[in-house]
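Architecture at a glance
Each chain is listed here by its residues.
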Amino acid sequence: MIWNAEYESMKREDIRELQLRRLQWIVKWVNERVPAYKKKLDKAGVKPSDIKTLEDSTKLPFTTKDDLMEDYPFGFFALPMSKVVRIHSTSGTTGDPVVVGYSRGDINTWAEVTARVAAGGGVTEDDVIQVSFGYGLFTGGFGMHYGVERVGATVIPVSAGNTERQIMIMQNLKTTGLICTPSYALHMSEVAAKMGVDMRSMPLRIALFGAEPWSEGMRKEIEERLGVMATDNYGLSEIMGPGVAFECEQKNGLHISEDHFLPEVIDPETGEQLPMGETGELAFTTLTKEAFPMIRYRTKDLTSFIAEPCECGRTLIRMARVQGRTDDMLIIRGVNVFPSQIEHVLTEIEGVEPQYQIVLTREGTMDQIEVWVEVSQAVFPDAMRKLVEFERDIENRLYNVLGLHAKVKLVEPNSIERTAGKAKRVVDRRGN
Amino acid sequence: MTVKQISVFLENRAGRLWELCDVLGKNGINMRALSIGEAADFGIVRMIVNEPDKANTILKGAGFTVAETDVLAVEIPDVPGGLAKVLGALKDKGVNIEYAYAFVARSGDKAIVSMRVDTQADAETVLEVAGFKVLSADDVYNL
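None of these values were measured; they are calculated from a predicted model. In this convention, every chain numbers its residues from 1, walking through the sequence in written order. All chains are assigned letters beginning with A, and all ligands numbers beginning with 1, in the order in which they are written. Totals for whole chains, interfaces and linings use every residue, but because this is a predicted model, local features are given only for residues with pLDDT of at least 70 and side-chain atom pairs only at 80 or more, for both listing and counting. Based on all heavy atoms of the structure, the side-chain values leave hydrogens and waters out of the count.

The next subject is the nonpolar core. Core analysis: the biggest nonpolar cluster contains 49 residues, and Leu 23, Tyr 234 and Phe 284 of chain A have the highest contact counts within it. Looking at this core, the element that brings in the most residues is helix H2 (residues 12-33) of chain A, giving six residues. Sequence-distant contacts of Leu 23 of chain A, defined by excluding residues within four places in its chain, comprise Ile 51, Leu 54, Ser 57, Leu 60, Leu 262, Thr 285 and Leu 287 of chain A. Working definition of a nonpolar core: buried Ala, Val, Leu, Ile, Met, Phe, Trp, Tyr and Cys residues. They are joined through side-chain atoms within 4.5 Å. Under the scheme applied here, a residue whose accessible area is under 20% of the maximum for its type counts as buried, over 50% as exposed, and between as partly exposed, the area being computed with a 1.4 Å probe on protein chains only. By size, the runner-up hydrophobic cluster in this structure holds 31 residues, among which are Leu 330, Val 345 and Ile 369 of chain A together with Phe 9 of chain B. The way it works is that DSSP assigns letters per residue, a run of H or I at least four long becomes a helix, a run of E at least two long becomes a strand, and they are numbered from the N terminus. Residue contacts are counted whenever heavy atoms from the two residues lie within 4.5 Å of one another.

Here is the structure:
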């Protein structure tokens, strides 16, 4: 179902006209209210009045996560705190977290765009939707909550974790739709099987997944095991949270809510816009955000646009499912992990060689991360207990930094495969 | 009267112990005793060999992670309760054993226990006062 046909199925030229008007507004808005942006615009020699066509957006400077961290926490806020009604934050895996703010109007917009996600994924007012994303600073839980509520479905705000309880709730409250990460859905199906519960015989019929990349193969597996129609959605806290793009029942690319977010696919090296259909880095300009507007924010996600109109009737442009990252970020059970974080932890520990390897596997349906560490000749303790303690110590330190459990495996010096003198840092055996 | 023990860190994978023994064999190192401790994905092989310093150099050269540790080698009567008597003497003085492994000498009527304790010098005195024979390094290497 199309939630807001007026905007989602707008004629292309009308969308572009709307985008231009809103782009002109947002550039003026940030120029007046965000000193960090004023500085960037001045440096690029761009005045708000220079934006005469949509193509003029390429004159605007990019914004990167580094920019946001430099002015942590509130440097990019365009409204005073008295006008900010909500704060969310990224987990801060690579340093300072990114703190994002929402005005009352932004919260309203967020509910609008997540309502489109919900409706696109098949949610109606007759549904009972279990939101199993974490509720908290993470944008997933609250973001989807308000969209589902706006559609008029019944929300069960169960949040993440306690899988057996999730399944009991699903059974007892007759949940018809599930919102979580795809890997968590698979995990649920395994736990359900152990509990002797057949998820296929439940009233559950739809599932809306986001917050991590997944594959077509995984979709088939989930649909099969849970007996649902599964759709993908995309978002990031810096731009809004969930609700930036979503699949419709065609399950063939994600529609971007272009009336609120101006998307570009750029060459990650040169920053040039790429021709339609080519794969590059996705960047967004928020067109209506008041509290935390972003100009050409580089997502580091790699994707391409799909030009052909969708059979669903929406005219919103589609992006292909995210195909990778421009940096080395790994997503494990919905948690962002950078190899550099692991390296940093290891360098602080005496007796660990600088050589390590991150091995990603899938145990059953859950992503597992192992960190292989070469034990150093210099500190090899003869006592088994000390070696095991050493492993636990590294695991604990990694947990403190990554926020997820990584299994540490001690290996012999020089045993980690080196390619031309440089060790291969990440081995992904998850086999999507 | 401490005996040098060679410990080697080994990954838990097929053939790795063979590689260790193969290197030692090819270099004329003879083992007197061997013990393997294992964790989930690695193990520690502990050995008493005829030439510990040479073994250490050879193994390091072959890329193994090696540690040399002092252990006590105690002669015990090869009869029921023999080891218990030794341990009893240590227990009474509060000496804690980190690990130990036994081997039987060629002559047959005595067994030898190699042990790593928390207070090596104390333990040696305790054992000798209790009437046990703590073997010298040469005794053990030349068994």
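Moving on from the model shown.
Further remarks concern the sheet that holds strand E13 (residues 305-306) of chain A. Residues and elements named next belong to chain A. Paired strands, in this sense, are two strands between which DSSP finds at least two bridges. What the nine strands build is an open sheet, ordered E4-E3-E5-E6-E7-E8-E9-E14-E13; its pairing is mixed. Of all the strands in the sheet, just strand E4 (154-156) and E13 have a single pairing partner and so form its edges. For strand E8 (residues 241-247) and strand E9 (residues 254-256), the ladder comprises three bridges, and the chain directions are antiparallel. Bridged to Phe 246 within E9 is His 255. Axes here refer to lines fitted to C-alpha atoms; in helices the fit is confined to the stretch in contact. Angles between the N-to-C directions go from 0 to 180 degrees. Docked against the sheet, helix H6 (residues 139-151) engages strand E3 (128-131), E4, strand E5 (177-180), strand E6 (206-209) and E8, running at close to 60° with respect to E8. Most of the contacts of helix H8 (residues 182-194) go to E5, to which it runs at about 125°, and overall it touches E5 and E6.

Moving on: the interface of chain B and chain A. With 24 residues of chain B at the interface, the matching set in chain A holds 19 residues. The term buried area refers to how much accessible surface (probe radius 1.4 Å) is lost by two components on association, counted for both of them together. When the two sides are added together, the surface that chain B and chain A hide from each other amounts to roughly 1600 Å², 56% of it contributed by carbon and sulfur. Just to be clear on terms, a salt bridge is a Lys or Arg side-chain nitrogen sitting within 4 Å of an Asp or Glu carboxyl oxygen. The tally of links from chain B across to chain A stands at two salt bridges. A salt bridge links Arg 16 of chain B to Glu 412 of chain A, with the nearest nitrogen and oxygen atoms 2.2 Å apart. Whenever two N or O atoms come within 3.5 Å, that pair is a polar contact, provided that in protein one can donate a hydrogen and the other can accept it, and provided that, for residues adjacent in sequence, both atoms are side-chain atoms. Connecting chain B to chain A are four residue pairs in polar contact (both at pLDDT 80 or more). Every element with two or more residues in the side of chain B that touches chain A is listed here: strand E1 (3-11), strand E2 (31-38), strand E3 (42-49), strand E4 (65-77) and strand E5 (97-104) of chain B.

Here the focus is the pairing of strand E6 (residues 110-117) of chain B. Residue and element names in this part refer to chain B. The element E6 is largely enclosed, with a buried count of six among its eight residues. Pairing analysis gives six bridges linking E4 to E6, with the strands arranged antiparallel. Bridge pairing in E6 places Leu 72 opposite Met 115. Across seven bridges, the pairing between E5 and E6 is antiparallel.

Attention now moves to the sheet that holds strand E15 (residues 324-325) of chain A. Where strands meet in a sheet, backbone hydrogen bonds hold them as pairs that are either parallel or antiparallel. All names here are of chain A. Strand order in the open sheet made by the four strands is E10-E11-E12-E15, with antiparallel pairing throughout. The two strands at the open ends of the sheet, each matched to only one other strand, are strand E10 (261-266) and E15. In the packing of H2 onto the sheet, the strands contacted are E10 and strand E11 (280-286), and the crossing angle to E10 comes to about 95°.

Attention shifts here to the domain arrangement of chain A. Residues and elements named next belong to chain A. Once the domains are mapped, chain A shows domain 1 (5-327) and domain 2 (335-428). Each domain's limits were defined by an automated method or a database of domain assignments. Measuring from the centre of the C-alpha atoms in domain 1 to the corresponding centre in domain 2 gives 33 Å. At the junction of the two partners, domain 1 supplies 10 residues and domain 2 supplies seven residues. Across the domain 1-domain 2 interface, the total number found is zero salt bridges. Here domain 1 and domain 2 share zero residue pairs in polar contact (both at pLDDT 80 or more) between them. Residue assignment for the side of domain 1 that touches domain 2 shows that the elements contributing at least two residues are H8 and helix H9 (216-226). Top contributing element to the side of domain 1 that touches domain 2 by residue count: H8, with four residues.

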